[in-house]
Amino acid sequence: MLLSWLLSDTWLMTIPARVVDTLFIALILWLAARWCRSTTTSFGKAMLISALNGILGVGLYALFVWARDTGAVPWRGPLWLVEMFLIIHVVLFTVLILIAYRRDHWRSLNVALVTLALSGIVEGGFIVLLSVLAPTAAGS
């Protein structure tokens, strides 16, 4: 989720970054559901949840951009908005997974936690890779 926001600073990157992020999250959710032996392991359901997550994320991002641009939260620093956005987006995604996989009872919680952990590890790795490669690619 974070990587698509980092890559979407221009309109040319926004749509491809969102599409890749949606497919990436759907794949991870599908793999987590299979690994946790969920009763619902269809890729279509994972794609639907990922698409809903993307739509909610875009709306949430618009709300946070509005809060940043209007100064609606003047007493906080600029990183506070990014941190709050990520926390709320992760909570929304977790709730979506728990609702979609509710028939699995405790396995739905396992699916949610495994999905969040896997996506965090992979995206964290990409961010570290970009932070290591970007300065050397620029010739710094």
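Look a little higher up for the structure.
Nothing here was measured: the structure is a model prediction, and the numbers come from that model.

Caption draft 1: Examining the overall build of the protein more closely. Helix and strand counts for the protein stand at 5 helices and 0 strands. Here the protein, with 140 residues, has 32% of them falling under the buried criterion. Taking the contacts inside the protein whose residues are at least 6 apart along the sequence as the reference set, 65% of them involve residues at least 24 apart. A total accessible area of about 8,900 Å² is found for the protein, and carbon and sulfur atoms account for 75% of it.

Caption draft 2: Local environment of the environment of Leu27. Within the element layout of this structure, Leu27 appears in helix α2 (residues 11–35). In this structure, the C-alpha to C-alpha distance between Leu27 and Thr115, residues 88 residues apart in sequence, is 9.6 Å.

Caption draft 3: Just helix α3 (residues 43–70), in detail. Between its first and last C-alpha atoms α3 spans 40 Å; for 28 residues at 1.5 Å apiece the expected length is 40 Å, and the two agree. By the burial criterion, the buried members of α3 are Ala46, Ile49, Ser50, Asn53, Gly57, Leu60, Phe64 and Ala67. Just downstream of α3 lies Gly71, where phi reads positive at about 70°.

Caption draft 4: Highlighting a nonpolar patch on the surface. Taken together, the side chains of Ile121, Val122, Phe126, Val128, Leu129, Val132 and Leu133 define a hydrophobic patch exposed on the protein surface, amounting to about 630 Å² of accessible area. With respect to the element layout, Val132 can be found in helix α5 (residues 106–137).

Caption draft 5: Expanded view of the nonpolar core. Leu29, Ile49, Phe93, Ile97, Tyr101 and Val111 are the most contacted members of the largest nonpolar core, which has 18 residues in total. No other element matches the 6 residues that α2 contributes to this core. Those residues in contact with Tyr101 that sit more than four places away from it in its chain are Leu29, Ala33, Ser38, Thr40, Ala46, Ile49, Ser108 and Val111. In this structure, Phe64, Ala67, Leu81 and Phe85 belong to the second largest nonpolar core, which totals 5 residues.

Caption draft 6: Structural detail: the environment of Thr41. Along the polypeptide, Thr41 turns up in the loop between α2 and α3. Between the C-alpha atoms of Thr41 and Leu31, which are 10 residues apart in sequence, the distance is 8.2 Å. Dropping the residues within four chain positions of it, Thr41 is found in contact with Trp30, Ala33 and Arg34.

Caption draft 7: Quick look at the side chain of Thr22. Tracing the backbone through its elements, the reader meets Thr22 in helix α2. Its relative accessible area of 15% is what places Thr22 among the buried residues.

Caption draft 8: Region of the structure containing the packing of aromatic side chains. Evaluated as defined, the whole model comprises 1 aromatic pair. Note on Trp30 and Phe43: the rings are 6.1 Å apart at their centroids and 85° apart in plane angle, and the pair reads as edge-to-face. In this pair, Trp30 is assigned in helix α2 and Phe43 in helix α3, connecting sequence segments 13 residues apart. The class for Trp30 is partly exposed, based on a relative accessible area of 24%. Phe43 sits in the partly exposed class, given a relative accessible area of 36%. The positively charged end of Lys45 is found above the aromatic ring belonging to Tyr101, 5.8 Å away from the centroid.

The rules behind these values
Residues numbered from 1 in each chain as written. Predicted model: local features only at pLDDT ≥ 70, side-chain atom pairs only at ≥ 80, totals over all residues. Heavy atoms only, no water. Helix = DSSP H or I, 4+ residues; strand = E, 2+ residues; numbered from the N terminus. Buried < 20%, exposed > 50% of the residue type's maximum accessible area, 1.4 Å probe, protein only. Contact = heavy atoms within 4.5 Å. Areas by Shrake-Rupley, 256 points an atom, 1.4 Å probe, with all protein chains shown as cover. Expected span 1.5 Å × (residues − 1). Patch = residues over 30% accessible without salt bridge, like charges linked within 9 Å, V, L, I, M, F, W, Y side chains within 5 Å. Salt bridge = Lys/Arg side-chain N within 4 Å of Asp/Glu carboxyl O. Core = buried A, V, L, I, M, F, W, Y, C linked by side-chain atoms within 4.5 Å. Phe/Tyr/Trp six-rings, centres within 6.5 Å; stacked < 30°, edge-to-face > 60°. Lys NZ or Arg CZ within 6 Å of the ring centre and 35° of its normal.

No statement about biological role is implied by the geometric values presented.
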